[in-house]
Each structure stands twice: as structure tokens, then as C-alpha cells.
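Tertiary structure, described
Residue strings, one per chain:
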Amino acid sequence: MVKVEFLGPINKDNLELDINNLKELKEILSKDPSLKEWLELCAVALNDEIIFDENTLLKDGDKIALLPPVCGG
């Protein structure tokens, strides 16, 4: 199982999913209308490292975090 965390203003409970890569995660999350917009805006971290490749293989115990854009001052 892979743990999925939604940070900041996304305001969703964490999930645990049996998935093999980010492409599968995107397919699952895009079915939720409240997440669809966030999927286009967020960076994705795998075990605290930003990743970009949807085909990155995931293994049991991995942690995915959806990181919404932020601005500071």
C-alpha cells in the first residue's frame, strides 16, 4: 500500500492505495471532481523528493504527497 497525503488547502483525508505508479494515482484521483483542478497545479513528492515521471514505480510503504503551489512574502 502507498500512503497519499494532501497538503495545504486541498483539505482531503489521507488515502492508502494499492497502486504501481503515479499514472494510476492520477487516474484514481481525477475521478474526484474536487481534486481534478489540484492535479494540474500540484507538485508531487515521493518519500519527500519531488518527482516528475508518471511511470515511477511505487513500492509498499511509499509516501506520496500532493504539494499545492504556495506564495510567500
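Data block above holds the structure.
Here the structure is a predicted model, which means the values were calculated and not measured.

Structural notes on the pattern of salt bridges
Under the counting rule described, the total for this entry stands at five salt bridges. Among the salt bridges present, the one from lysine 3 reaches glutamate 5, with a minimum N-O distance of 3.7 Å. The closest approach of N and O atoms between lysine 26 and glutamate 54, which form a salt bridge, is 3.5 Å. Taken together, the residues span a long stretch of sequence, with lysine 26 in helix H1 (residues 22–29) and glutamate 54 in the loop between strand S4 (49–51) and strand S5 (63–67) at a distance of 28 residues.

Things to note about the environment of lysine 36
Assignment of secondary structure puts lysine 36 in helix H2 (residues 33–41). We classify lysine 36 as exposed; its relative accessible area is 52%. Considered as a pair, lysine 36 and lysine 26 are 10 residues apart in the sequence and their alpha carbons are 9.0 Å apart.

Looking at H1
Along H1, the residues that are buried comprise Leu22, Leu25 and Leu29. Viewed end-on, H1 has its buried residues packed into an arc of 55°, placing them on one side of the element. For H1, the elements touching its buried residues are strand S1 (2–6), strand S2 (15–17), H2, strand S3 (43–46), S4 and S5. Capping the start of H1, asparagine 21 holds a side-chain oxygen 3.1 Å from the backbone nitrogen of lysine 23, two or three residues further along.

So, the environment of aspartate 18
By the secondary structure assignment, aspartate 18 is in the loop between S2 and H1. With 42 residues separating them in the primary sequence, aspartate 18 and aspartate 60 have C-alpha atoms 8.1 Å apart. Residues contacting aspartate 18, with those up to four places away along its chain left out, are Met1 and Glu24.

Rules of the game
Residues numbered from 1 in each chain as written. Predicted model: local features only at pLDDT ≥ 70, side-chain atom pairs only at ≥ 80, totals over all residues. Heavy atoms only, no water. Salt bridge = Lys/Arg side-chain N within 4 Å of Asp/Glu carboxyl O. Helix = DSSP H or I, 4+ residues; strand = E, 2+ residues; numbered from the N terminus. Buried < 20%, exposed > 50% of the residue type's maximum accessible area, 1.4 Å probe, protein only. Arc of directions from axis to C-beta. Contact = heavy atoms within 4.5 Å. Polar contact = N/O pair within 3.5 Å; in protein donor to acceptor, adjacent residues only side chain to side chain.

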